[in-house]
Every structure is written in C-alpha cells, then in structure tokens.
Amino acid sequence: MQNKKYLELDALAAPNGYVAPPTKEDLAYVVHFRKTCQRYQIDFAKADPDERDFVIHMAEKTFLCLSALRKRKIDTVESPKYRTAEVLQRSQKTQEVIGMAHAESITFEEFRTRFSTEDACRAELFRLRFPNGFVCPKCGCTEYYPVRGRNTFQCHACRRQTSVTAGTVMHRTHLPLTAWFWAIYLCATDKRGISAVQLSRTLGICYESAWYLLHRIRRAMAQRDENYALSGIVEVDDGYVGGATRNGKRGRGTDKAKIVVALSKTENGAALFTRMQVVEDVTSKTLQQVVGKAVAPGAKIECDGYRSYKNLSVVELDAKKYEPGDLHWLHKAISNLKAFLLGTYHGRCTQLQSYLDEFCFRFNRRKTGDQIFSRLARAVATSCAQLH
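Residues numbered from 1 in each chain as written. Predicted model: local features only at pLDDT ≥ 70, side-chain atom pairs only at ≥ 80, totals over all residues. Heavy atoms only, no water.

1. Notes on the environment of Val 380
Right, so step 1: Its location among the elements puts Val 380 in helix α16 (residues 372-381).
Right, so step 2: Exposure remark for Val 380: the relative accessible area of 0% places this residue in the buried category.
Right, so step 3: C-alpha separation for the pair Val 380 and Trp 180, spaced 200 residues apart in sequence, amounts to 9.7 Å.
Right, so step 4: Apart from the residues lying within four places of it in its own chain, the contact partners of Val 380 are Thr 168, Val 169, Met 170, Ile 184 and Ala 220. (Helix = DSSP H or I, 4+ residues; strand = E, 2+ residues; numbered from the N terminus. Buried < 20%, exposed > 50% of the residue type's maximum accessible area, 1.4 Å probe, protein only. Contact = heavy atoms within 4.5 Å.)

2. Considering the sheet that holds strand β8 (residues 316-320)
Right, so step 1: The five strands are arranged β6-β5-β4-β7-β8 in an open sheet whose pairing can be described as mixed. At either end of the open sheet lies a strand with only one pairing partner, and these are β6 (271-279) and β8. Sheet twist, expressed as the average angle between the axes of neighbouring strands with direction ignored, equals 25 degrees.
Right, so step 2: Both strand β5 (residues 257-265) and β6 contribute to a ladder of seven bridges, which runs antiparallel. Looking at the pairing, Ile 259 lines up with Val 278 of β6.
Right, so step 3: Against the sheet, helix α15 (residues 352-364) contacts β4 (233-241), β5 and β6, and its axis sits at roughly 175 degrees relative to β6. (Pairing = 2+ DSSP bridges. Axes fitted to C-alpha atoms, helices over the stretch in contact; angles between N-to-C directions.)

3. Notes on the packing of helix α10 (residues 177-189) against helix α12 (residues 207-225)
Right, so step 1: Where α10 contacts α12, the two axes come as close as 10 Å, and the packing angle between them is 65 degrees. As α10 runs across α12, the sense of the crossing is right-handed. On the side of α10, the interface is formed by Ala 179, Trp 180, Ala 183, Ile 184 and Cys 187, while α12 contributes Tyr 212, Leu 213, Leu 214, Arg 216, Ile 217 and Met 221.
Right, so step 2: Looking at the contact of α10 with α12 residue by residue, the classes come out as ten nonpolar, no polar and one charged. (Left-handed = near helix turned anticlockwise from the far one by under 90°. Nonpolar A, V, L, I, M, F, W, Y, C, P; charged D, E, K, R; others polar.)

4. Re unusual backbone geometry
When glycine is set aside, most residues are seen to have a negative phi, and most peptide bonds are trans.
Right, so step 1: The phi angle at Val 314 is positive, at roughly 70 degrees, despite the residue not being glycine.
Right, so step 2: Tracing the chain through its elements places Val 314 in the loop between β7 (300-304) and β8.
Right, so step 3: Backbone geometry places Leu 327, a non-glycine residue, at a positive phi of 50 degrees.

5. Here we look at the sheet that holds strand β3 (residues 161-162)
Right, so step 1: Taking strand neighbours across the sheet as the criterion, the three strands line up as β1-β2-β3 in an open arrangement whose pairing is antiparallel. Every other strand in the sheet has two partners, leaving β1 (144-147) and β3 as the edge strands with one partner each.
Right, so step 2: Here β1 runs beside strand β2 (residues 152-155); their pairing, made up of four bridges, is antiparallel. What sits directly across from Tyr 145, in β2, is Gln 154.

6. What to know about the pattern of salt bridges
Right, so step 1: One pass over the structure, following the stated rule, counts eleven salt bridges.
Right, so step 2: Put simply, Glu 235 and Lys 265 hold a salt bridge, and the shortest N to O gap is 2.9 Å. Taken together, the positions of Glu 235 in strand β4 and Lys 265 in strand β5 put the pair 30 residues apart, joining distant regions of the chain.
Right, so step 3: We classify Lys 265 as buried; its relative accessible area is 12%.
Right, so step 4: Residue Glu 302 is joined to Lys 265 by a salt bridge in which the shortest nitrogen-to-oxygen separation is 3.0 Å. Remark: Lys 265 occurs in strand β5 and Glu 302 occurs in strand β7; sequence separation between them is 37 residues. Taken individually, Glu 302 and Lys 265 each receive the classification buried, so the pair is uniform in this respect.
Right, so step 5: Three or more residues are tied together by salt bridges with common partners; here these are Arg 114, Glu 124 and Arg 127. (Salt bridge = Lys/Arg side-chain N within 4 Å of Asp/Glu carboxyl O.)

7. A few points about the pairing of β2
Right, so step 1: Because side chains alternate across β2, one face comprises the buried residues Thr 152 and Gln 154, and the other comprises Phe 153 and Cys 155, equally buried.
Right, so step 2: Taking the residues between adjacent antiparallel strands as the criterion, β1 and β2 are bridged by four residues, where Gly 149 takes a positive phi near 85 degrees.
Right, so step 3: As defined by bridge partners, β2 adjoins β3 across two bridges and the pair is classed as antiparallel. Paired with Gln 154 across the bridge in β3 is Gln 161.
Right, so step 4: Once β2 ends, the chain turns through five residues before running back antiparallel as β3, passing Arg 159 with a positive phi of about 70 degrees.

8. What about the environment of Gln 288?
Right, so step 1: Topologically, Gln 288 is positioned in helix α13 (residues 284-294).
Right, so step 2: With a relative accessible area of 22%, Gln 288 lands in the partly exposed category.
Right, so step 3: C-alpha separation for the pair Gln 288 and Tyr 309, spaced 21 residues apart in sequence, amounts to 8.4 Å.
Right, so step 4: Setting aside chain neighbours within four positions, we find Gln 288 in contact with Asn 311, Leu 312 and Ser 313.

Here it is, written out as structure tokens:
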C-alpha cells in the first residue's frame, strides 16, 4: 500500500523522483494534492510551466501559515495539508518550478533596475526562450557560439544564426528591447490595460510604434491561451458589445458586434478560465466551430434554451430556458469586459478580437497577479510571428 501511494505522489508532484524518501506524513498529503489538481482541472505531471506555476502558487498561498504554525510550536504532522510546501520541495524538478514561481514576482523598482539595458533584456529573452539551454530551431543542436556585433547565436552544427527575437512577435523589430519590456510591463501590471495613445505618451514614441507594440503583445496573449481548452462544466452564451446601435434594438436583434463567451467553473460553481471569440452570427454552425476550438470534448455545456445551442455535438449539453441567476459568472465576465472596453478604449470595436484576447489573458491569470509580467514576457518570448 505504501509503495502504491509513493508512486501516486511521485507521478503527481515529482516526475523525476525524490531527493529524500517520503515520510508517513508525506504520503498523507497525496489525497489533498490530488484534490487541488482536480479542482483546477490540471494534470501537474503533464502541465506546461504556466499551469505548474498556477498550481504551485495556489498551494503556497494555501499553506503560507506553515511557518506561523512552527513559530507557535504546533506539530505540523497533525495537520498533513500544511506539509504541501515541504513535500513539493522534495522533488528536484518541482523545486526548480517553485524557484521560478518566486522569481516571477517583480516590483516596479526591481523591474527598472533589472531591465534598464539592452543586454539585460536580451539575456532575459534568451532565458525565457531557451529555459533548458540553447536549441537550434533548424537542426536541434545544443552547441552554439555568439556572433559579436550582430546579437545572434550561431549553431555549431548547421551554422544557422538565430536571435532571441527571430520567429516571435518581435521578429525584425526596429524598436529597442527596453521599449518592448516597458510595454510588456505597463500592459501587464495595469488591470485596465493601456491604450496606444497612453503608451506613446509614456514611452515617448509615436502612436504607430505604440500600436505596433500592443498589437503584437496581444497576439502573444492569444497564442498562449490557444494552447488550453476549457473542460469540466462550461457556461456558454453570446454577447453584444460596442457603441450605440443604429437600429435601437437590444439582445440578439442588435447590430452591435457579436461575441461568443465560454467560461469554465468548478463543481462548486467558482469561475476558472474563459475564452471569447468574435463571430459574424450565432447560428448552430458558428457556435459549433467556437465550441470545438475552445472547449474540450466531453465537457458539460450550460447555456440558455436558444435554438442554436441545441445541436451542439461532442459535448454534454444542459440547455434550458434562462432564469435570473443562471450563467452568473459568465454574465459577470461579460459585464467586466464591457467596463474594460469602455474605460480603456472608449467602447470602440476596431481590433475587437485583440481586446478580447487581452481581457481573457488577464482574467485567466487573476489569481497570480503579481506574476503576470513574467508570464506575459514568457508568452512574448516563445510566441510565433504569424500575425493577422
């Protein structure tokens, strides 16, 4: 029985094995950690760095009282859940993740000091793009040498030269990397976002350059969230955003911009993650395309009784006539979106999908707000240059 529990704990929290063997108290932690992963619908062993950071952050946030318990001389063995931090630190691989999560919290003073030069910004992009060391994008070789004067790295095998911005949304940029980092920081740290006009004034650059920066940063946000599919219980509904209408109608008869919103939640009804998509109409075909792209097969869809939702396939459907209080978190997300668009962009709907991507990226990382700069910097550094 002990060996079985050891394997479960090793698979969930420490794929590379323990530095020290597990204790009886460590084994008692298995069930709790599993429930934590299930609550947020994350497979820790297969998760990417963003998801691992999220789990680690939530676990640490829950168990911050561990040190307080020790100071009060309370035996932590009597409270197995408070051993989470200790158990996670027994894994070398997980210990690196914890260290990364701590390093990602950054203050304004730390940011201004760390990224004040081009070399510092380039070194950070190299660390984010090649976390396990340099890998040639052409042949996969790990040996390289820097090319002085060109800020590139030449592969030892195939001689291909690669820079930290090549192939990303920063590809062939003429703006200094310090401007990129300031734009990422300002965009990430203000929950209301920042407009191109305000960014141009803050950085002292022209409006076109500010728009260029924000457009590509939002594209990196979108690419990051495209890697995830909503699962479990998912609320789905259509919404309408924009300025005053010409026909004066409300609801599905309006001429405002149409969007489809999907929001996953826990079994207890707490909001998790969201995806939003601009659509031309709300027909069954369109809704099926959006759901197929944003929602994992087998998820339970909660929606109103509108006829377009009744033919959705590959998901479990729970459609009923709308009553006050239904789809609570989804409607709250739409309300927050409208406030976001009105407050920062004055309700304009040009490049609406980019604004939706920015809102979703920030919403999905609302529980780790102190780390959002580093998360966004990683998204930009590992992004793809395909823009539309």
